[in-house]
Amino acid sequence: MTTLFTSDHEWLQIDGDVATIGITDYAQTQLGDVVFVELPKVGRTLKKAEAAAVVESVKAASDVYAPIAGEVLEVNDAVAADPSLVNSDPGKAAWFFKLRIANKSDLDGLMDEAAYKAHTA
Amino acid sequence: MQAAERPSSPADTALKRVPLHDLHVARGGKIVPFAGYEMPVQYAAGVLKEHLHTRASAGLFDVSHMGQITLTAKSGKVEDAARALERLVPQDILAVPRGRQRYAQFTNEAGGILDDLMVANFGDHLFLVVNAACKTEDEAHLRQHLSDVCIIEPLPDRALIALQGPKAVEVLSKHAPTVAAMRFMDAGAHKVQISGRAIDCFVSRSGYTGEDGFEISVPASDVERLATTLLADPAVLPIGLGARDSLRLEAGLCLYGHDIDTTTTPVEGALEWSVQKSRRNGGARMGGFPGADIILKEFETGASRRRVGLRTEGRAPVREHASLYASETSADKIGTVTSGGFGPTLNAPVAMGYLPTPLSTEGTIVFADVRGQRLALRVSAMPFVPNGYKR
């Protein structure tokens, strides 16, 4: 399994033609205490760069964009029920949604972990 | 991920620093531009913990960006300064006894609010605390209208800190025993003992969190020693602007430039309580302030719209600028949210905004547009969290 990153601070875990998407530890630190998460509907087809989810801290709302195009296969109800998971375990338990990857070429511009670390340094 | 709401860009203008700037940075404060200053929005604990800590114990806020102004009558009589200030505010300032403070608003000819402020009677002069973003205009406004009678003196060499929360009195009275006897809105000079030296402070038992607490005006040269001493108390955490905003929202208090501004009157803003009978129609000193005709008429007939508290059933916060509708499907916008967010004490979203007066009664259901969806909101009594003032 490969993990890729966007410059907008999403992570994608690629498993065959399925991508699991969340926001990075860097992003949750910037947001502060997350109090609300809105997830896309299962079955929705997302375009690349389309607003897919919303994450809200005490102070502000932020959009989470679909880093790649695809159909929403599954969403993480646990993170909607307990948004503080985004702060406590952003890279794992607080995944947002899973997409069936429409175009493998969408992955081409994404960063690996080393490049993302350099991006946020 | 992209922030839908951002603070203004740090490159906007040259930002000023408050005397406690180094302390904020050393304590891990996240610095953002606010009203022309570099201010801490939160510290390491984060907005949620800072908010809850203030409600349970005590939080120290730096509000040194706010304006502090003294108003002294040329006659030497504080009554003359009070009478003069009544030309600019709809409040009864003459009736504020020595050692007491009152909430007031500068109004304009249209009945709108230029700024809201605190006015304390210090015996021989009045002491005003005004908002940071308005302080230059406020000072000019005072000079333009009151220079005939008063000396207007801003106090840029004084810092202002607020110690808020149920343990504030216990913490501050260790260093200033005289503050323990103060009641809500008492204000005056007090000596605060720090490492064997007395610092001359102006202390009021007030704040803007809904909690018991104090605002302390202190010489800028002494503020770091005072803040460091207060922060050394295990009951006290430093608190940023983020939690200050969520605390005042839960307390149902107006934020100038958001919930009240030049387009809202005191009656629209549900601030009738702040206008004493003596300044209303039939009162001993009725009218005589900018916009009096419009404002006093609204006391008789009501305003067409009114500030209300709003609660949702769900967990999605409804933010400032969200449009309000009478039904789930109506296309006619009836109002706007002026402050909204998540209330950590309530563990639920809270908001306030303006609605047509007939829809402003408690229990009325209205709908907010949030990212294209209509969320139901119930008009609710404020404060959302009961206040802890020591009356």
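Residues numbered from 1 in each chain as written. Chains lettered and ligands numbered in written order. Predicted model: local features only at pLDDT ≥ 70, side-chain atom pairs only at ≥ 80, totals over all residues. Heavy atoms only, no water.

1. Here's the deal with the overall build of chain B
Part 1 of the reasoning: For chain B, the count of helices and strands is 8 helices and 21 strands.
Part 2 of the reasoning: The C-alpha radius of gyration of chain B comes to 21 Å, within 12% of the 21 Å expected for a compact globule of 391 residues.
Part 3 of the reasoning: Its C-alpha atoms give chain B principal-axis dimensions of about 65 × 50 × 40 Å.
Part 4 of the reasoning: Evaluated residue by residue, chain B yields a buried proportion of 58% over its 391 residues.
Part 5 of the reasoning: Total accessible area computed for chain B in this model is approximately 15800 Å², and 53% of it derives from carbon and sulfur atoms.
Part 6 of the reasoning: Charged side chains in chain B number 43 positive and 44 negative. The centres of these two groups are separated by 4 Å. (Helix = DSSP H or I, 4+ residues; strand = E, 2+ residues; numbered from the N terminus. Rg over C-alpha atoms; globule rule 2.2 N^0.38 Å. Buried < 20%, exposed > 50% of the residue type's maximum accessible area, 1.4 Å probe, protein only. Areas by Shrake-Rupley, 256 points an atom, 1.4 Å probe, with all protein chains shown as cover. Lys, Arg positive; Asp, Glu negative; His and termini not counted. Charge placed at Lys NZ, Arg CZ, Asp CG, Glu CD.)

2. Examining the confidence of the model for chain B
Part 1 of the reasoning: Confidence in the prediction for chain B averages 96 pLDDT; 97% of positions are at 70 or higher.
Part 2 of the reasoning: In the predicted assembly, ipTM is 0.86 and pTM is 0.94. (pLDDT = per-residue confidence, 0-100.)

3. Brief notes about helix 8 (residues 292-301) of chain B
Residue and element names in this part refer to chain B.
Part 1 of the reasoning: When helix 8 is considered as a whole, its buried residues turn out to be Ala-292, Ile-295, Leu-296, Glu-298 and Phe-299. Taken down its axis, helix 8 places every buried residue within 150° of arc, on the same side. Turned more than 90 degrees away from the buried face of helix 8, the exposed residues are Asp-293, Lys-297, Glu-300 and Thr-301.
Part 2 of the reasoning: Taken together, the buried residues of helix 8 touch strand 7 (101-107).
Part 3 of the reasoning: The positive-phi residue at the C-terminal boundary of helix 8 is Gly-302, with phi of around 85°. (Arc of directions from axis to C-beta. Contact = heavy atoms within 4.5 Å.)

4. Some remarks on the UniProt feature "binding site: substrate" (unreviewed entry) in chain B
All names here are of chain B.
Part 1 of the reasoning: Feature annotation in UniProt places "binding site: substrate" (unreviewed entry) on Glu-215, given in this structure's numbering.
Part 2 of the reasoning: Considering the arrangement of structural elements, one finds Glu-215 in strand 14 (residues 213-219).
Part 3 of the reasoning: Take Glu-215: its relative accessible area is 9%, and that puts it in the buried class.
Part 4 of the reasoning: Beyond its immediate chain neighbours, meaning those up to four positions away, Glu-215 contacts Leu-160, Ile-161, Ala-162, Phe-202, Val-203, Ser-204, Ser-206, Gly-207 and Arg-244. (UniProt positions renumbered as here; feature names shortened; annotations may be inferred.)

5. Section: the pattern of salt bridges
Part 1 of the reasoning: Across all of its chains, the model carries 27 salt bridges over all chains by this definition.
Part 2 of the reasoning: For Asp222(B), the salt bridge goes to Arg197(B), with nearest N and O atoms at 2.6 Å. Here the residue Asp222(B) occupies a position in helix 6 (residues 220-231), and Arg197(B) occupies one in strand 13 (residues 197-204), the gap between them amounting to 25 residues.
Part 3 of the reasoning: One network of salt bridges, in which partners are shared, links Glu38(A), Glu56(A), Arg319(B) and Arg371(B). (Salt bridge = Lys/Arg side-chain N within 4 Å of Asp/Glu carboxyl O.)

6. Re the side chain of Arg248(B)
All names here are of chain B.
Part 1 of the reasoning: Position of Arg-248 among the secondary structure elements: in helix 7 (residues 241-250).
Part 2 of the reasoning: For Arg-248, a relative accessible area of 3% corresponds to the buried category.
Part 3 of the reasoning: A distance of 3.0 Å separates a polar atom in the side chain of Arg-248 from a polar atom in the side chain of Asp-245.
Part 4 of the reasoning: Excluding residues that lie within four positions of it along the chain, Arg-248 makes contacts with Tyr-208, Leu-253, Cys-254, Leu-255, Asp-259, Ser-339 and Met-352. (Polar contact = N/O pair within 3.5 Å; in protein donor to acceptor, adjacent residues only side chain to side chain.)

7. Re the packing of aromatic side chains
Part 1 of the reasoning: What the rule picks out here adds up to 6 aromatic pairs over all chains.
Part 2 of the reasoning: Consider the rings of Phe5(A) and Tyr116(A), whose centres lie 4.8 Å apart with planes at 10°: the pair is stacked. Of this pair, Phe5(A) sits in strand 1 (residues 2-5) while Tyr116(A) is found in helix 4 (residues 113-120), placing the two residues 111 residues apart along the sequence. Each member of the pair, Phe5(A) as well as Tyr116(A), is classed as buried.
Part 3 of the reasoning: Residues Phe127(B) and Phe202(B) carry aromatic rings whose centres are separated by 5.2 Å and whose planes lie at 70° to one another, so their mutual orientation is edge-to-face. Of this pair, Phe127(B) sits in strand 9 (residues 126-130) while Phe202(B) is found in strand 13, placing the two residues 75 residues apart along the sequence.
Part 4 of the reasoning: With relative accessibility at 6%, the residue Phe127(B) sits in the buried group.
Part 5 of the reasoning: Here the aromatic cluster, defined as three or more aromatic residues joined through ring pairs, consists of Phe122(B), Phe127(B) and Phe202(B). (Phe/Tyr/Trp six-rings, centres within 6.5 Å; stacked < 30°, edge-to-face > 60°.)

8. Re the UniProt feature "domain: GCVT N-terminal" (unreviewed entry) in chain B
Part 1 of the reasoning: The UniProt record marks residues 20-278 of chain B with the feature "domain: GCVT N-terminal" (unreviewed entry), using the residue numbering of this structure.
Part 2 of the reasoning: Each end of residues 20-278 of chain B is marked by a C-alpha atom, and these two atoms are 41 Å apart; helix forms 25% of the span and strand 32%.

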